[in-house]
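Structural characterization, general
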Amino acid sequence: VAPSPPAMATPLPRSSSAPAPLEVPASAAESLQHTQPGTHAEIAKEMLQAFENELATHPKPHRGGRLHYECARLFEWPLGDTLRAADHYQKSHALLLDHLPSVRGARRTLIAAKRHANALPFFDAEIRLTADPQRKAIVYYEKGLVLEDALNQKQQAREAFEPRLERFPRLLFLIERVFED
């Protein structure tokens, strides 16, 4: 006996009235709090539990660094917990000094958490790990912006990156314009 074909869903009747407006949550974190079981957030929580259980066994440094990195990624998204993500990125970096994604993640989440002074060493770490001179120039520039705008350290900002940008006159010109005022 051949199986019968699946039943087709009945289309919903169309209404002549306008659809109700969608409710938009105030923040991404708020929207993630209203998740259904089986969503990204629920799966992330299960994965975090497994990673944290393994971290409790004190794995070798390389494995521990990778586990902290994966925890950080899950806290950053989909859970939207920037501070816990920053903490795990920093722990990952402490165990994996040459792991560029951990450095960038720590810098990104610390800035998002408005912990600008704590982010400064991660600019330096990324500069040390980056081979591309143009990418280095951009990181110097971003560090200068944090020093200038967030920490109000204009002179330190200028000293942080100006000498290294001589090979990129257009970028140096743009930076000079930032410091004119």
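Residues numbered from 1 in each chain as written. Predicted model: local features only at pLDDT ≥ 70, side-chain atom pairs only at ≥ 80, totals over all residues. Heavy atoms only, no water.

Focus on the overall build of the chain
For the chain, the count of helices and strands is 9 helices and 0 strands. Ordered by position from N to C terminus, the α and β elements of the chain give α-α-α-α-α-α-α-α-α. Looking at the chain residue by residue over its 181 residues, the buried ones come to 32%. Across the chain, contacts joining residues at least 24 apart in sequence account for 45% of those joining residues at least 6 apart. By element, 56% of the accessible surface of the chain is carried by carbon and sulfur atoms, the whole surface being about 12200 Å². (Helix = DSSP H or I, 4+ residues; strand = E, 2+ residues; numbered from the N terminus. Buried < 20%, exposed > 50% of the residue type's maximum accessible area, 1.4 Å probe, protein only. Contact = heavy atoms within 4.5 Å. Areas by Shrake-Rupley, 256 points an atom, 1.4 Å probe, with all protein chains shown as cover.)

Regarding the side chain of S92
Position of S92 relative to the elements: it lies in helix α4 (residues 82-95). With residues near it in sequence (within four places) discarded, S92 still touches G65, H68, Y69, H99 and S102.

Some points on unusual backbone geometry
Omega for the peptide link from W77 to P78 comes to 20°, which places this bond in the cis form. A positive phi angle, near 55°, is found at H58, a position not held by glycine. Looking at the secondary structure, you find H58 in the loop between α2 (40-55) and α3 (61-76). For H58, a relative accessible area of 68% gives the class exposed. Even without glycine at this site, K114 takes up a positive phi of about 65°. Position of K114 relative to the elements: it lies in the loop between α5 (100-112) and α6 (116-129).

Topic: the nonpolar core
Ranked by size, the top nonpolar core spans 31 residues in total, and within it L48, L79, Y89 and F123 carry the most contacts. Broken down by secondary-structure element, the contributors of at least two residues to this core are α2, α3, α4, α5, α6, α7 (133-150) and α8 (154-161). (Core = buried A, V, L, I, M, F, W, Y, C linked by side-chain atoms within 4.5 Å.)

Here's the deal with the side chain of H88
Relative to the assigned elements, H88 resides in helix α4. In this structure, H88 is in contact with E52, L55, H68, C71, A72 and F75, ignoring residues within four places of it in sequence.

Quick notes on α4
For α4, which comprises 14 residues, the first-to-last C-alpha distance of 20 Å matches the rise-based estimate of 20 Å (1.5 Å per residue) to within 8%. Looking only at α4, the buried set comprises A85, A86, H88, Y89, S92 and H93. What you see down the axis of α4 is that its buried residues fit within an arc of 170°, all on one side. Those residues of α4 that are buried lie in contact with α2, α3, α5 and α6. (Expected span 1.5 Å × (residues − 1). Arc of directions from axis to C-beta.)

Structural notes on the pattern of salt bridges
For the coordinates displayed, the defined rule picks out 13 salt bridges. With its nearest N and O atoms 2.8 Å apart, the salt bridge here joins R63 to E54. On the basis of relative accessibility, which here comes to 40%, the residue R63 falls in the partly exposed class. With relative accessibility at 27%, the residue E54 sits in the partly exposed group. In this structure, E126 engages R104 in a salt bridge whose closest nitrogen and oxygen atoms are separated by 2.8 Å. With E126 in helix α6 and R104 in helix α5, this pair connects stretches of sequence that are 22 residues apart. Each of the salt bridges in this network shares a partner with another, and the network as a whole consists of R104, R107, E126, R135 and E142. (Salt bridge = Lys/Arg side-chain N within 4 Å of Asp/Glu carboxyl O.)

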